[in-house]
Amino acid sequence: MIPTLPRPAPPAVDTPTTRHATAPAVLAGLVVAASGVLAAALMPRGPVTGTEVLALLIGAALVGVLAGRLTRSRWMIIGAPALHLATWELARATIFELEGPSFDQPRFDVPLAVALFLTVHLMYGLLTGVPMVIGVLGGRALARRRSVAAAASGAALLAVTAAGVLLVWPGRVAPVVAADGTTVSGSVAALEKVRLGGTPQWVSMRGSSAANPVLLHLSGGPGSSDVGWVRTFNQPLEQRFTVAVWDQRGVGKSYPALDPTDRLTLDRLVADGVELSAWLARRFDEQKIYLTGNSWGSTLGVLMVQRRPDLFHAYVGTGQMVSQRETDRLLYRQLLDYAERTGNERLRDRLAVLGEPPYRDIFGYALVMEYYDALEPYERVPAFETARGLQGFFPDEYSILDTWNEVRGFADMGGTLYPRLQHIDFRTDVPVLGVPVYFAQGRHELTARSTLADEWIARLRAPIKRTYVFEQSGHNPDAEEPGRFNELLMNTVLAETYRR
């Protein structure tokens, strides 16, 4: 018998039915991709305000519903959020790229880079992915006229929206209270938005009486916020001062003020600080205010006093910086010596690749920061060690979004501004300050900082110049030994300099 050969399969035919199934899928893909590009144009850094968060959640859900109705393919459930995220990432990296580490390639070699990945890429993926998946499921249910499934998807979307509201819900500003827990009459407890340099920025103000002198604290970093720290460690100052803590542009609640980054210059920050100081003096009917600064805040504070000495009763510096570039060079050499002494070949190789500062990006500085405790270890005050992380990044005054912005701001604001500080050296730039100056220096401060500070302070001329060594402190005497620091301000600085 002659075997019967199998008949070949007929060639695929482009039928109206095939085209009918393909066209909606292509259209759905185009809608999703377009939403990613639009989001990159409107929010290249991701959502930075409460309005943007809610708009993104609702927009992602609507795009999902439309995609689900256009095509019934199950692949769209994961394909829609994946395509949106991919086009957002591609568009922000190529078309709408801005300045700052959050636009660099993701990396995971230092903790700051990991934190940045989580707060930029992962958070955006969650904010768009979850509502878009629910939207696709709801759209598919509507297309198939499955009312129960559509209703369930609608309820899920409402739950996601409610979660978004919680994400942006304003933090709590606690009142100033007396020993019996009642609110002090005439006290100040406010978190206000102030326009500085034409840009909205935020300042916290707390005190037992609006008639007290004003004390403005400048946070370190650049990119950090001390709103929670000052309230936690220096609350007794509220009895004698109205204590103001400023979230500088690009920091915490002021993160939306980061852009345009070409305005994020040293001169602009000094001008913002002077403008805020004048605003505080007017707000509380004072001729002058007091100024404290820690770390980067001490750099900013000195330059503000140098520019407008008439605005300030006195300046108090903690963790005083003198020259960022020279300090970084000393730390690099010290860390290289440490790697050689300990036989840490991996660290030595990383430093060799990194090269001497200034480094290419903020992650080079982040690497060195990881070894501060190894270079010059000391036993920290337990209360400071316990509270610094929680109160630093999760103050009651912040919403969840504000905390998210603080992490991004530390990288983006710090990474953008720090290279613009490389020319500073107070040893030559600031020989004189026209106000009384006080320095609280930690005994265990890194020598790369303290050596330069001692040298500059010895040369500095001022109406009053006093230095106090805090024996149990390193870079943060105001928080490591808060009792002594608070007494210094209330019993010495205020007594010697306050003239209403």
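In what follows, the structure referred to is the one given above.
Here the structure is a predicted model, which means the values were calculated and not measured.

Calculation notes
- Residues numbered from 1 in each chain as written.
- Predicted model: local features only at pLDDT ≥ 70, side-chain atom pairs only at ≥ 80, totals over all residues.
- Heavy atoms only, no water.
- Axes fitted to C-alpha atoms, helices over the stretch in contact; angles between N-to-C directions.
- Helix = DSSP H or I, 4+ residues; strand = E, 2+ residues; numbered from the N terminus.
- Parallel < 35°, antiparallel > 145°, perpendicular 65-115°, else oblique.
- Left-handed = near helix turned anticlockwise from the far one by under 90°.
- Contact = heavy atoms within 4.5 Å.
- Nonpolar A, V, L, I, M, F, W, Y, C, P; charged D, E, K, R; others polar.
- Salt bridge = Lys/Arg side-chain N within 4 Å of Asp/Glu carboxyl O.
- Buried < 20%, exposed > 50% of the residue type's maximum accessible area, 1.4 Å probe, protein only.
- Core = buried A, V, L, I, M, F, W, Y, C linked by side-chain atoms within 4.5 Å.
- Pairing = 2+ DSSP bridges.

**Details of the packing of helix α4 (residues 111-143) against helix α5 (residues 147-168)**
Moving on, step 1. Two elements in contact, α4 and α5, have axes whose closest approach is 8 Å; the angle formed by their N-to-C orientations is 160 degrees. Relative to α5, the element α4 lies roughly antiparallel. As for the relative orientation of α4 and α5, their crossing is left-handed in sense. Here Leu127, Val130, Pro131, Ile134, Gly135, Leu137, Gly138, Ala141 and Leu142 of α4 lie close against α5, whose contacting residues are Ala149, Ala150, Ser153, Ala156, Leu157, Val160 and Leu167.
Moving on, step 2. Here the contact of α4 with α5 is composed, by residue class, of 13 nonpolar, 3 polar and no charged.

**Examining the pattern of salt bridges**
Moving on, step 1. Counted according to the given criterion, the structure contains 27 salt bridges.
Moving on, step 2. We note a salt bridge from Glu471 to Arg443, for which the minimum N-O separation is 2.8 Å. Of this pair, Glu471 sits in the loop between β8 (465-470) and α17 (477-480) while Arg443 sits in the loop between β7 (437-442) and α16 (447-459), and the two are 28 residues apart along the sequence.
Moving on, step 3. Here Glu471 falls in the partly exposed class, since its relative accessible area comes to 44%.
Moving on, step 4. Classification of Arg443 by relative accessible area gives partly exposed; the value is 48%.
Moving on, step 5. Beyond isolated ion pairs, a larger network of salt bridges with shared partners links Arg107, Asp109, Arg350, Arg360 and Asp361.

**Topic: the nonpolar core**
Moving on, step 1. Met205, Leu216, Leu280, Met304 and Trp456 are the most contacted members of the largest nonpolar core, which totals 79 residues.
Moving on, step 2. The element best represented in this core is helix α7 (residues 266-283), accounting for 9 residues.
Moving on, step 3. When residues no more than four places from it in sequence are discounted, the contact partners of Met205 are Val188, Ala189, Ala190, Glu192, Val243, Ala244, Trp279, Leu280, Arg283 and Phe284.

**Here we look at the pairing of strand β1 (residues 188-196)**
Moving on, step 1. Where β1 lies against strand β2 (residues 199-207), 9 bridges are found, and the strand directions are antiparallel. Looking at the pairing, Val194 lines up with Gln201 of β2.
Moving on, step 2. Counting the residues in the hairpin turn of β1 and β2 gives 2 residues, including Gly197, whose phi is positive at 60 degrees.

Nothing here speaks to function; it is geometry throughout.
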